[in-house]
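Architecture and fold: a report
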Amino acid sequence: MTEFILSFPQGAMLNGSHDAALVALSVLVAALASYTTLTLSQRIVASAKGGLWLGVGALSMGTGIWSMHFIGMLAFDLPIPLGYDLRLTLLSLVIATALSGFALMQIRSPELPMRRLLTAGVLMGLAIAAMHYVGMAAMLMAPGIFYQPVYFALSVVIAIAAATAALFIAFHLSRHPHGPLLLYRLVAAGIMGLAIASMHYTGMLAANFPFGSICLAAGDDAQPWLVWTVAITSIVVLGGTLIAALFDSRYEVTTNTLNESLQQANEELMQLALTDQLTGLANRFVLVERLERILGRCAQIGERCAVLFIDMDNFRLINASLSHAAGDEILRQLAAILQQNFPDAGVIARFSGDKFVVVIENPGENALLIQHIDQFRKRLWQPLVLREREVAITVSIGITVFPAAEGDAKALIGQAEKAMYEAKAEGSNRFRFFEKAMHEAANREFDLLHDLRHAFAEGGLELFLQPKVCARVGAIRSVEALIRWNHPTRGLLLPGEFLGIAERFGLLGELESWTLTEACRILSIWRASGSLQRNLSLAVNISPLQFRDPGFVDRVLRIVRDYDVGPGKLILEITEHSAMHDPLAAAAAMRRLTEAGISFSIDDFGTGHSSLVQLKRLPFAELKIDRSFITDIAHNGEDRQIVEAIVLIARQFGLRVVAEGVEDKETATLLADLGIDLLQGFGIAKPMPCSQFEAMALAA
């Protein structure tokens, strides 16, 4: 190994020179190494793979610094052959890599106080100097290289200053990636590159080679290709590392963006899952969860808790007359009113449709709670404004109070709902407190609903037939189909005992479709037997809900076609409300069915609000006078006058007139004298099973 001599040189010295192009190349490599280091510093701090990037950074930074030094050495020329010992050259590379790892470890630390920065800068500067002078020693000069103390010391100081500045810049750029980051890195890399190069060339300035010195490491070939091999290799390593870091950064940014988007989407989904999107109130899931917590707290401290189940009256009518969009706006306004009137509520939720639930903790005695509810109802006296139109609404309210009412959250909500239905049954704009008798009634209702579902499949339903007879001669001209339910334990149930349940729970359409199908089946049997063919027709009641169903006409036509029902055999009885709800749509539906041979009867005439002009435009064949005008007609002159007027109107429109509710012979005779065509009622014949009617009809 060459001798290291720190003294002022004496005597003649060899004159060395530097290749300007290689000097510039060495500075460029130093700057590239600095830029790569600054880029890697952010990956080391920010990336989840910081340990991996620390190792890669140490290798690339060490290679860059060493390459700058080695190219600088190759740029130096003496008037003697030069060469470099491989072992010492590799040792300098190891030193460069080790010092790079040390530096990057400082950057990775969460903090870098001044004392630690200066200590690390000194150690790193000394390591850089050691790398340089070990590399110089690889020349194996004989005699040894003489180093001027002033320049030697200056090179060490420059190395320490450059290392300290590099650590400071890299640490802060890695923690504050804001502003024109690319410009900051380019400027900082240029400064660091010049500082590292300055150290190298200051160290070279300190080196003196006595006249007559020889390089023991020199070979036969100067190997000029070595410069480009080292330069290209270092540039490839640094460039590859830089590209990998940029890709990793971009990948992490993309991944973080996706994660943030996913997190935001999850939060929005959670919000959707917990909030009613129309009103912004809590939904049913949140209601049950919060009510459970409130009940637990009330039970622990002995407080009361009131659950209010609120349902709008006639909301379907509002939707049908004003549109669903208007109905949604009304629900939003009602939700806002609930929030204003119950600001201290434990939870206000939209339960479903037009149903809301308010939970009030510690509501006070029932009198105070009623006062609070009355204030809310008075607020509803002020009409809601909708598209410059005032809309008045009312609500039905069911109330249950814990702990007087027992059960969990779902049970209390169910109790309040039962009380609401009781209030609604009494009329609109009412409220009721839950009573245990309601629970028993609800259980009976639930059992009936369960049994009714099974009745369709198990054949528990049956059509009873009630004759309509000619008022003058008493012959059967038509018959009305009336549904009955042969309940397995409760016996024969009339429609009033289960139609309401069917309507509330969505079975009314299925029930009426069954009735219509069964009626057509009976007509088909009569047609096939021929014994009851004559002019006998069969009437079926159709509810307003089913008549307004968009698929009603097609469904009827399909059933009539399936059973090959002849013209004039099937009569559909609809109420005035059904026909007058939407006269144009009703007329279109009735015309299609009339063209298929189906007749229409207007049921319960006189109880609605018919427009005679509209009735004239609808293809009715029959008019049924409501029983309320018939029952007492023999003793009530006003009823008689009304019936006379109705008969006169019917004659003007060419309608057949049926009187229902005929209970005795006196009434039947009077109605015949008034011009009634057909009579129906218990005084004529009670509804009876089909087989019994057929026997009676055949015997007549």
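It should be emphasised that the depicted structure is a prediction, and the values quoted were computed from it without experimental measurement.

A look at a nonpolar patch on the surface
Taken together, the side chains of Tyr151, Leu154, Val157 and Leu205 present a nonpolar region at the surface, about 350 Å² in accessible area. The leading source of residues in the nonpolar patch is helix α5 (residues 149-175), at 3 residues. Of note, Val157 is situated in helix α5.

Brief notes about helix α10 (residues 324-341)
An ideal rise of 1.5 Å per residue puts 26 Å on 18 residues; α10 measures up with 26 Å between its terminal C-alpha atoms. Those residues of α10 that fall on the buried side of the exposure criterion are Ala326, Gly327, Ile330, Leu331, Gln333, Leu334, Ala335, Ile337, Leu338 and Asn341.

Comments concerning the pattern of salt bridges
Oppositely charged side chains can pair when the atoms bearing their charge come close. In total, this model carries 21 salt bridges according to the counting rule given. Its salt-bridge partner being Glu361, residue Arg297 comes within 3.1 Å of it at the nearest N-O pair. Of this pair, Arg297 sits in helix α8 (residues 284-301) while Glu361 sits in strand β10 (residues 355-361), placing them 64 residues apart in sequence. Under the relative-accessibility criterion, Arg297 is labelled partly exposed at 37%. For Glu361, a relative accessible area of 26% translates into the label partly exposed. Arg656 is the partner of Glu622 in a salt bridge, and the nearest nitrogen-oxygen pair spans 3.0 Å. Of this pair, Glu622 sits in strand β21 (residues 622-625) while Arg656 sits in strand β22 (residues 656-660), and the two are 34 residues apart along the sequence. The network of salt bridges with common partners includes Lys468, Glu480, Glu573, Glu622, Lys624, Arg656 and Glu660.

Remarks on the packing of aromatic side chains
The tally for this structure, following the rule as stated, stands at 9 aromatic pairs. Judged by centre distance (5.2 Å) and plane angle (65°), the rings of Phe309 and Phe351 are edge-to-face. Of this pair, Phe309 sits in strand β8 (residues 305-312) while Phe351 is found in strand β9 (residues 347-352), placing the two residues 42 residues apart along the sequence. On the accessibility criterion, Phe309 (0% relative accessible area) is buried. Look at Trp485 and Phe498: their rings are 5.6 Å apart centre to centre, the planes differ by 85°, and that puts the pair in the edge-to-face class. Linking Trp485 in strand β16 (residues 476-487) with Phe498 in the loop between β17 (491-493) and α14 (499-504), this pair joins segments that are 13 residues apart in sequence. Assessed through its relative accessible area of 1%, Trp485 is described here as buried. A relative accessible area of 1% places Phe498 in the buried class. In this structure an aromatic cluster arises from ring pairing among Tyr133, Tyr147 and Phe152.

Cut-offs and rules
Residues numbered from 1 in each chain as written. Predicted model: local features only at pLDDT ≥ 70, side-chain atom pairs only at ≥ 80, totals over all residues. Heavy atoms only, no water. Patch = residues over 30% accessible without salt bridge, like charges linked within 9 Å, V, L, I, M, F, W, Y side chains within 5 Å. Areas by Shrake-Rupley, 256 points an atom, 1.4 Å probe, with all protein chains shown as cover. Salt bridge = Lys/Arg side-chain N within 4 Å of Asp/Glu carboxyl O. Helix = DSSP H or I, 4+ residues; strand = E, 2+ residues; numbered from the N terminus. Expected span 1.5 Å × (residues − 1). Buried < 20%, exposed > 50% of the residue type's maximum accessible area, 1.4 Å probe, protein only. Phe/Tyr/Trp six-rings, centres within 6.5 Å; stacked < 30°, edge-to-face > 60°.

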